[in-house]
Amino acid sequence: MHPRSELTQQLQQRQDEPSVRSKHLIFAVATILYWTTLYIYVPILSPYLHERGLSLGWIGFILGSYGITQIIIRFPLGIYSDAMTRRKPFLIIGMLAGLVSCLFFLLPGTWGGPLAGRLMAGVCAAAWVPFTVLYASYYPSNQTHQAMGTLSFLTVFGQLTGMSLSGWLAYSGGWDTAFLSGVGVAAVGTLVALFVYEPQAQSSKPAKSAAATIDKTIVAKVLRSRSLWLVSTLSVLAHGILFITMFGFTPLQAVELGASEAQLTGIVIAFMVPHALVSLWSGRYLAPRFGTRATIVIGFLLAACFTAVIPFTQSLAVLALTQVLNGFAQAMYFPLLLSLAIRSFQTSERATAMGLYQSVYSLGMFLGPYIAGGLNAIGGLQAGFLFGSALGVAAALIVLLNKRLED
């Protein structure tokens, strides 16, 4: 190509690209709506299932089924995304899956609709693989911690928005109001996702040659990465804690202490606000100052402590305090694990690496609440929360005994 025509093409491409501010803003709105859709019913889900007459064991299985589809889908989705060198189509598909998920919860019956809805929510959540990789492409490769910190903040903000609305919606119009609202949010999110910016460089290779390269090199490299398997294992434990506590049985503990649907909102805010703020600070301030390994270890140990005390709380005020501290603690390690999962991989390999990472940690989403639900059926909520606390201690020990994590 002639140098002048090449320069003209580059200038035209720059003019066609949205401004830095606008592409970040559109992506932020899409991310918030995506997570709002997924979490607009989470605080009321265990009380809702309990009211439907399901046992604690069944509740634990349905809560954990969210992770089953993610275990199956996320790794192949990451490979296929790298093969296509595209991310945006999966964002749109994910939004639509979230819409269908909320519709399933509106079906009559005891367990069929909720189980189908939770499984479909897992399909929606699987779209988080290309979400993370696409947003990382907005930043220089040496700013992965900052990119994932910002994305974690947007994630928690969306979760907070949905979970804060959940109790109020159920209180105002009944359980189904939260699910109907999720349908509306997902519809708007799908429209916003159509305008998300994707760099042209990501779609420069033919899909067939990319797929052939991935089959022989990228997948093998990802599967051989010991550091990725280590971080993925830690994330299994981290998500086990999260889906036993705020995204699992903490709302049921609040209801046992007399919380109404509206008061559940306060418990949610108590956890999610510090969780959002510390997610933003973890990669920017805590890890650079105290070191990545130290920050992760302290976070897991604190999460273990504050999870263990949940079943012994005697008032909603004390329960709320445990949630403030637990939200702070869990946010110390989530963004760091997310960035460590892809930091050592090239852009063309990151969806595959992120797919493996997220498929593996989905085991924690399923097994955490499922095992805790079984323990709860035997020994009450205390047994499940103590199991969650043990996961935190185990994770801290793994980090202390392994020096593969980079500072």
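Our subject is the structure listed above.
Given the structure is predicted, the values throughout are model-derived calculations rather than measurements. (Residues numbered from 1 in each chain as written. Predicted model: local features only at pLDDT ≥ 70, side-chain atom pairs only at ≥ 80, totals over all residues. Heavy atoms only, no water.)

Draft legend 1. The arrangement of the packing of helix H13 (residues 292–308) against helix H17 (residues 381–401) in detail. H17 packs onto H13 with a crossing angle of 165° between their chain directions and a minimal axis gap of 8 Å. Comparing the axis directions of H13 and H17 gives the class roughly antiparallel. For the pair H13 and H17, the sense of crossing is left-handed. Contacts between H13 and H17 involve Arg293, Ile296, Val297, Phe300, Leu301, Ala304, Thr307 and Ala308 from the first element and Phe385, Leu386, Gly388, Ser389, Gly392, Val393, Ala395, Ala396, Val399 and Leu400 from the second. A class-by-class count of the residues in the contact of H13 with H17 yields 13 nonpolar, four polar and one charged. (Axes fitted to C-alpha atoms, helices over the stretch in contact; angles between N-to-C directions. Helix = DSSP H or I, 4+ residues; strand = E, 2+ residues; numbered from the N terminus. Parallel < 35°, antiparallel > 145°, perpendicular 65-115°, else oblique. Left-handed = near helix turned anticlockwise from the far one by under 90°. Contact = heavy atoms within 4.5 Å. Nonpolar A, V, L, I, M, F, W, Y, C, P; charged D, E, K, R; others polar.)

Draft legend 2. Focus on the packing of aromatic side chains. Tallied over the full model, the rule gives 16 aromatic pairs. Between the aromatic rings of Tyr34 and Trp35, the centroid separation amounts to 5.1 Å while the plane-to-plane angle is 85°, which identifies the pairing as edge-to-face. Residue Trp35 is classed as buried on the basis of its relative accessible area, which comes to 5%. Of the aromatic side chains, those joined through ring pairs into one cluster are Tyr34, Trp35, Tyr39 and Trp128. (Phe/Tyr/Trp six-rings, centres within 6.5 Å; stacked < 30°, edge-to-face > 60°. Buried < 20%, exposed > 50% of the residue type's maximum accessible area, 1.4 Å probe, protein only.)

Draft legend 3. Examining the side chain of Thr250 more closely. As for its placement among the helices and strands, Thr250 is situated in helix H11 (residues 226–256). Leaving out residues up to four positions away in the same chain, Thr250 has contacts with Ile244, Thr245, Ile267, Ile310, Leu319, Gln323 and Phe385.

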